[in-house]
Amino acid sequence: MPTEVVTYCRICEPLCGLIATVEDGRLVKLRPDKEHPLSLGNACPKGIAFAEVQNDPDRVLHPLRRRADGEFEQVTWEQAYDDIGARLKAVVDTHGRDSLGWYFGNPSSFSYSHTLWILAFAVGSGMRHLYSAGSQDVNNRFVASQLLYGSLTATPIPDLDRTDLLFMVGANPLVSHGSVMTAPRIKDKLRAIVDRGGRVVVVDPRRSETAKAFEHLPIRPDGDAWLLASMLQVLFAEGRTDSAAIAAQSVGVDRLRAAVARFTPERTQAFTGIAPDRLRAMARELATARRAAIYGRTGTCLGRQGTLVAFLLDALALVTGNLDREGGGVFGEEAFLGLDFAQRTGMIGYDRRRSRIGNFPDVLGSFPAAVMAKEITTPGKGRLRALFTSAGNPVLSVPNGDELEAALTELELFVSIDLYVNDTNRKADYILPATTFLERDDIPLPFGALSTTPFIQATERVVEPYGEAREEWEIIDEIAKRIGVVPFVSTPKRVGAVLSGLIRRVPGSSAATTPKVLIDVALRLGAYGDRFGLRRDGLNMTKLRANPHGIVLREHVETGVLKRVVKHKGGKVRLAPDEIIDTLASLGDRQDDPDFPLRLIGLRELKSHNSWMHNSEFLMRGNRAHTARVNPVDAEAAGIEDGKPFRIASAHGSIELPAFLTDEVGAGTIAVPHGWGHRGGWQVANAAGGVNVNLLMSTAVEDIEPLAGMAHLNGVPVRIEPVA
Ligand SMILES: Nc1nc2c(c(=O)[nH]1)N[C@H]1C(S)=C(S)[C@@H](COP(=O)(O)OP(=O)(O)OC[C@H]3O[C@@H](n4cnc5c(=O)[nH]c(N)nc54)[C@H](O)[C@@H]3O)O[C@H]1N2
Ligand SMILES: Nc1nc2c(c(=O)[nH]1)N[C@H]1C(S)=C(S)[C@@H](COP(=O)(O)OP(=O)(O)OC[C@H]3O[C@@H](n4cnc5c(=O)[nH]c(N)nc54)[C@H](O)[C@@H]3O)O[C@H]1N2
Ligand code: SF4
Ligand SMILES: [Mo]
């Protein structure tokens, strides 16, 4: 008899409610959950197609070891653990723990247990080589928050349900479904802004799906720092700032005003491509809107000035009186005694140490993934020699995949925890089979505070793990123990003491620390927790299990909370930290390289998910192919024809792709999706063709954004030429 199980999707950030049909321990299908209070019966094609990932014949379901001839063979878990443990121990004995490393990819953030155990292993082992997808995604946002608020994780989200003007920079939520913002049914929420008389303005070099549906303000790639500095200049010069808000919330405004004074719209036009009149009008509209929310996402993160741009977005919100206000940028509250706790106890932070290559500051303990290859190949103390990857495919996601792929072969040990033989781990010594999100219990760890409607949902396993798949935390726990590290016990003294103290307070818990025990404590002691019975209507796991579709915690995000959010001494937002003022001062004149006159940007597609859902027949229907969007004017000038392959070359590499001529991209801009060009163990994805666009990207130290270590993936100078 088939049964139906309530759960939620963990592919992307809205975390849409799903109903799984299960029969004989196998997933039969997934459908949207009509009873989910926020997604209300909505799910996208990827969520539904996850059934194909779950049941994919290409999934890795047993531990695999690479033989001398390069082929993988199946081994038992014990064989794998014993050999990995022995080889790891040898590396540690010879080179020290400094030689260990971990790269965790995007899907890891959707598993609380995976996240917690990586962190615990890294802290417990004193691991220096920690890398993640964050340096290709969002670390600039964290660093901007650190500078502004003294807290890496204090992230304002747009109060979508109450705003009159959403100023959206470098995001395409009609396709991405929203990011660093958890808002199911985002399309409806954006339409509702317009329906109640408000506006949605989309700043993007491409007339994206979202820009088409709302108002488009085209910008030249990587022009955002100049746009935002100019908007601030206009507001200051015209006396349109909210002086009461500035005085109440911040320090440093005079210094910021002086630093942006030279960025008049006339001077920044060469960078932004935006006419001065249009820019001034936009600035005034922001200042006069009753309630405006300012939001930026990957389009603002992956250029050359990611940290500055994220900073200026919030500065603009603050000086227009739209920070921590209804309908503006608002700060959600973490349901767990989690990240905030880890920051306060010093487990994670910013610039507590520097990378060996490039001297980059750590962000939440991690270094830029763009230097990982050179950390492997550069001799000397602290060289990276044993690497784990989990839920990541860096060969396709970080700059210069060829360099990384070659470097990986120099490792003494390379172990990957994944669902597939992907484009990175195909050369690993071991691939260890992970459970899918349907095969583990979960609760969203970093997304609660980003929810535009405060909400929480927990889920149990939907099916037992297929084959011999195991949860990442169990694998990490076992491997850590082989080198004498016990996650959450081998932590620095203070943290360890606090944690073990907490755990002992859990009724019925003993010595064994499991994710379930930890998260229950963190929830019960968190903002909405039951405080172990002290707060009668507070949250605990029993209550969450009794409400499988989730619980809406508040109608709106609370405002007037800046005092709680800001950790700087004095409790004020800092508008003029040296790092930002220096960066503003360093912005020079626009210099185009005549050899590479065009700019390349990224593109996300509704039926792709980074690099890992191209193996679904359902999503790949209709002979989907990898193409590059080119403006007809540029195509004509270069002699490139629609549908025909052409070459895109940067200073770092070149690729060939079929041209898709469209005026969706402005003249001078090329748009190419990442995550294609597969050579892993996936039959459908490999057959789909395409290329790794990140072969055009640079890992040179001078091309990595200095404050947050962000890879330069948008606005990359390129030229285009026909192929013979
Ligand atoms: N369908 C689908 N959904 C996804 C993903 C996916 O791969 N597929 N990935 C998920 C992940 S990991 C993330 S991080 C989120 C990302 O979520 P978003 O950031 O909303 O997604 P993108 O579609 O990359 O939107 C970035 C936009 O920035 C524009 N852009 C590029 N360069 C610039 C620039 O210099 N300035 C400005 N202003 N804009 C620029 C691009 O044209 C694009 O429209 O999406 C998530 N959701
Ligand atoms: N040019 C360019 N490059 C980009 C971007 C861009 O916009 N432009 N975007 C960047 C961004 S925002 C991101 S987030 C990165 C993503 O980059 P990565 O995180 O490095 O890679 P993904 O493509 O997300 O691949 C995820 C891997 O995890 C596996 N996986 C899926 N679910 C699970 C699970 O539950 N457990 C385990 N263990 N494995 C699982 C998949 O099989 C796949 O191999 O790409 C970045 N790269
Ligand atoms: S938008 Fe799609 S992929 Fe993202 S959580 Fe919802 S169903 Fe899953
Ligand atoms: Mo991402």
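Starting afresh in each chain, residues are numbered from 1 along the sequence in its written order. Throughout, the order in which chains and ligands are written sets their labels, letters from A for the former and numbers from 1 for the latter. This being a predicted model, a pLDDT of at least 70 is required before a residue's local features are given, and a value of 80 or more before pairs of side-chain atoms are given or counted; all residues contribute to the totals for chains, interfaces and linings. Where side-chain values are given, they derive from all heavy atoms of the structure, hydrogens and water being excluded.

Inclusion rule: UniProt positions are given in the numbering used here, feature names are shortened, and annotations may be inferred rather than shown by experiment.
An unreviewed UniProt entry lists the chain under the name Molybdopterin-dependent oxidoreductase, from Antrihabitans stalagmiti. Reading the Sequence similarities (unreviewed entry) entry of the UniProt record for the chain gives the comment "Belongs to the prokaryotic molybdopterin-containing oxidoreductase family."

## Let's talk about the overall build of the chain
For clarity, the cut-off: The helix count covers DSSP runs of H or I at least four residues long, the strand count covers runs of E at least two residues long, and both are numbered beginning at the N terminus. Radius of gyration here uses only the C-alpha atoms, and the compact-globule reference equals 2.2 Å multiplied by the residue count raised to the power 0.38. Note on classification: 1.4 Å probe, protein chains only; a residue is buried when its accessible area is under 20% of the maximum for its type, exposed when over 50%, partly exposed between these limits. It only takes one pair of heavy atoms within 4.5 Å for two residues to be counted as in contact. Accessibility throughout is a Shrake-Rupley quantity obtained with a 1.4 Å probe, and a residue counts as covered only by protein chains that appear here.
A tally of regular secondary structure across the chain gives 27 helices and 28 strands. Its C-alpha atoms give the chain a radius of gyration of 25 Å, near enough to 27 Å, the size a compact globule of 724 residues would have. Along the three orthogonal principal directions, the C-alpha set of the chain runs to about 70 × 70 × 55 Å. With 724 residues in all, the chain has 61% of them scored as buried. Sequence separation of 24 or more characterises 75% of the internal contacts of the chain that already satisfy a separation of 6 or more. Accessible surface for the chain amounts to roughly 26,100 Å². Of this, 50% is attributable to carbon and sulfur atoms.

## Here's the deal with the nonpolar core
Rule in force here: By convention a nonpolar core is built from buried Ala, Val, Leu, Ile, Met, Phe, Trp, Tyr and Cys residues, the set being connected through side-chain atoms within 4.5 Å.
Judged by nonpolar contacts, the single largest core of 104 residues is most densely connected at F167, L584, I648 and I670. Top element by residues in this core is helix α14 (residues 306–319). It accounts for 11 residues. Look past the residues within four positions of F167 in its chain and what remains in contact with it is V201, V203, L217, L227, L228, M231, M282, L286, A293, I294 and Y295. Of all hydrophobic cores here, the second largest spans 73 residues; its members include Y430, L445, V463 and W682.

## Observations regarding the site of ligand 1
Rules: Here a residue is near a molecule or strand as soon as one of its heavy atoms is found within 4 Å of it. Whenever two N or O atoms come within 3.5 Å, that pair is a polar contact, provided that in protein one can donate a hydrogen and the other can accept it, and provided that, for residues adjacent in sequence, both atoms are side-chain atoms. Residue ranges assigned to each domain were obtained from an automatic or database domain assignment.
Taken together, 30 residues surround ligand 1, and among them D204, D222, D224, T298 and S608 come closest. The side chain of T298 places a nitrogen or oxygen atom 2.6 Å from an oxygen atom of ligand 1. Between an oxygen atom of ligand 1 and a main-chain N or O atom of N610, the distance comes to 2.8 Å. With the chains in place, 97% of the 910 Å² that ligand 1 exposes on its own is no longer accessible. Among the secondary structure elements, those contributing two or more residues to the shell around ligand 1 are α5 (173–176) and α13 (298–301). When residues of the shell around ligand 1 are sorted by domain, at least three fall in each of domain 3 (139–333 + 567–586) and domain 4 (598–722).

## Overview of the sheet that holds strand β1 (residues 3–8)
In plain terms, the rule: Pairing between strands requires that DSSP locate at least two bridges from one strand to the other. What counts as an axis is a line fitted to C-alpha atoms, over the stretch in contact for a helix, and the angles between N-to-C directions run from 0 to 180 degrees.
Spatially, the 3 strands line up as an open sheet ordered β1-β2-β3, and their pairing is antiparallel. At either margin of the open sheet sits one strand with a lone partner, and together these are β1 and β3 (26–32). Between one strand axis and the next, the sheet turns through 30° on average, direction left out of account. Here 6 bridges tie strand β2 (residues 17–23) to β3, and the two strands are oriented antiparallel to one another. Each bridged residue has a counterpart across the sheet, and for A20 the counterpart in β3 is L30.

## Observations concerning the pattern of salt bridges
Where we set the bar: We define a salt bridge as a side-chain nitrogen of Lys or Arg found within 4 Å of a carboxyl oxygen belonging to Asp or Glu.
Counted according to the given criterion, the structure contains 59 salt bridges. As a salt-bridge pair, E73 and R65 come within 3.0 Å of each other at their nearest N and O atoms. Two residues, D520 and R524, come together in a salt bridge whose shortest N-O distance is 3.8 Å. Here R524 and D520 lie together in helix α21 (residues 515–524), a separation of 4 residues that amounts to about one turn. The residues D520 and R524 share a single accessibility class, namely buried. The network of salt bridges with shared partners includes D159, R162, D164, R290, R291 and E326.

## Focus: the domain arrangement of the chain
Here is the rule: As a working definition, buried area equals the accessible area (1.4 Å probe) given up by two parts on being put together, with both sides summed.
The assigned domain composition of the chain is domain 1 (3–54), domain 2 (64–127 + 341–444 + 455–496 + 545–552), domain 3 (139–333 + 567–586) and domain 4 (598–722). Averaged C-alpha coordinates put domain 3 and domain 4 at centres separated by 27 Å. Counting residues at the interface gives 22 residues for domain 3, matched by 24 residues for domain 4. Taken together, both faces of the contact between domain 3 and domain 4 bury some 2,000 Å²; the carbon and sulfur share is 57%. Together, R206, L302 and R304 form the three largest contributors to the area buried by domain 3 at its contact with domain 4, with a combined 33%.

## Regarding the UniProt feature "domain: 4Fe-4S Mo/W bis-MGD-type" (unreviewed entry) in the chain
Per the UniProt record, "domain: 4Fe-4S Mo/W bis-MGD-type" (unreviewed entry) is found at residues 2–58. Regarding residues 2–58, the helix share stands at 18% and the strand share at 35%, and the terminal C-alpha atoms are separated by 25 Å.

## Digging into the site of ligand 3
Convention followed: Note on residue categories: nonpolar means Ala, Val, Leu, Ile, Met, Phe, Trp, Tyr, Cys or Pro, charged means Asp, Glu, Lys or Arg, and polar means any other residue, Gly included.
Surveying the vicinity of ligand 3 reveals the residues C9, I11, C12, P14, L15, C16, A43, C44, K46, G47 and H177. Here the shell around ligand 3 is composed, by residue class, of 8 nonpolar, 2 polar and 1 charged.

## Regarding the pairing of strand β28 (residues 716–722)
Where strand β23 (residues 598–601) meets β28, 3 bridges bridge the pair, whose relative direction is antiparallel. Bridging across to β28, L600 finds its partner in V716. As paired strands, strand β25 (residues 645–649) and β28 are joined by 4 bridges and run antiparallel to one another. Along β28, the bridge assignment pairs I648 with I720.

## Thoughts on the side chain of E375
Counting through the fold element by element, E375 comes out in helix α16 (residues 372–377). Residue E375 is classed as buried on the basis of its relative accessible area, which comes to 1%. At a separation of 2.9 Å, a polar atom in the side chain of E375 contacts the side chain of R356. In this structure E375 touches H129, Y131, S355, R356, I357, R383 and L384, once residues within four positions along its chain are discounted.

## Considering the sheet that holds strand β13 (residues 292–296)
Taken in spatial order, the 4 strands make up an open sheet running β11-β10-β9-β13, and their pairing is parallel. Each having just a single partner strand, β11 (215–217) and β13 make up the two edges of the open sheet. Pairwise comparison of adjacent strand axes, ignoring direction, gives a mean angle of 20° for this sheet. Bridging between strand β9 (residues 165–169) and β13 involves 5 bridges; their strand directions are parallel. Across the sheet, residue V169 finds its bridge partner in β13, namely G296.

## A short note on the environment of G239
By the secondary structure assignment, G239 is in the loop between α8 (224–237) and α9 (243–249). Separated by 24 residues in sequence, G239 and F263 have C-alpha atoms that sit 16 Å apart.

## Overview of unusual backbone geometry
The phi dihedral of D324 falls on the positive side, at around 60°, and the residue is not glycine. Note that D324 resides in the loop between α14 and β14 (329–330). Taking relative accessible area as the criterion, D324 reaches 6% and is therefore assigned buried.

## Focus: the packing of aromatic side chains
Convention followed: In this analysis, rings of Phe, Tyr and Trp, with Trp reduced to its six-membered ring, are considered paired at centre separations within 6.5 Å, and the interplanar angle assigns stacked below 30 degrees, edge-to-face beyond 60, and tilted for intermediate values.
Evaluated as defined, the whole model comprises 10 aromatic pairs. Seen in terms of ring centroids, F50 and W612 are 6.3 Å apart; in terms of plane orientation they differ by 85°. Their pairing is edge-to-face. Here F50 is found in helix α1 (residues 45–54), whereas its partner W612 is found in the loop between β23 and α25 (617–620), with 562 residues between them in sequence. Given the relative accessible area of 14%, W612 is considered buried. With 4.8 Å between their ring centres and 50° between their planes, Y420 and W682 make a pair best called tilted. On the criterion of sequence distance, the pair formed by Y420 in the loop between β18 (413–418) and β19 (430–433) and W682 in the loop between β27 (669–671) and α27 (683–687) is long-range, its members being 262 residues apart. An identical accessibility class is assigned to Y420 and W682; each is buried.

## Thoughts on the packing of α8 against α14
The criterion, for reference: An angle below 35 degrees is treated as roughly parallel, one above 145 as roughly antiparallel, one from 65 to 115 as roughly perpendicular, and anything else as oblique. By the definition used in this description, the sense in which the near helix is turned from the far one sets the handedness, with an anticlockwise turn below a right angle giving left-handed and a clockwise turn giving right-handed.
It is the contact of α8 with α14, at a shortest axis distance of 9 Å, that shows an interaxial angle of 25°. Here α14 runs roughly parallel to α8, going by the angle between their axes. The handedness of the crossing between α8 and α14 comes out as left-handed. Between α8, through D224, A225, L228, A229, M231, L232, L235 and F236, and α14, the contact on the second element is made entirely by L308, V309, L312, L313, A315, L316 and V319. Split by residue class, the contact of α8 with α14 holds 14 nonpolar, no polar and 1 charged.

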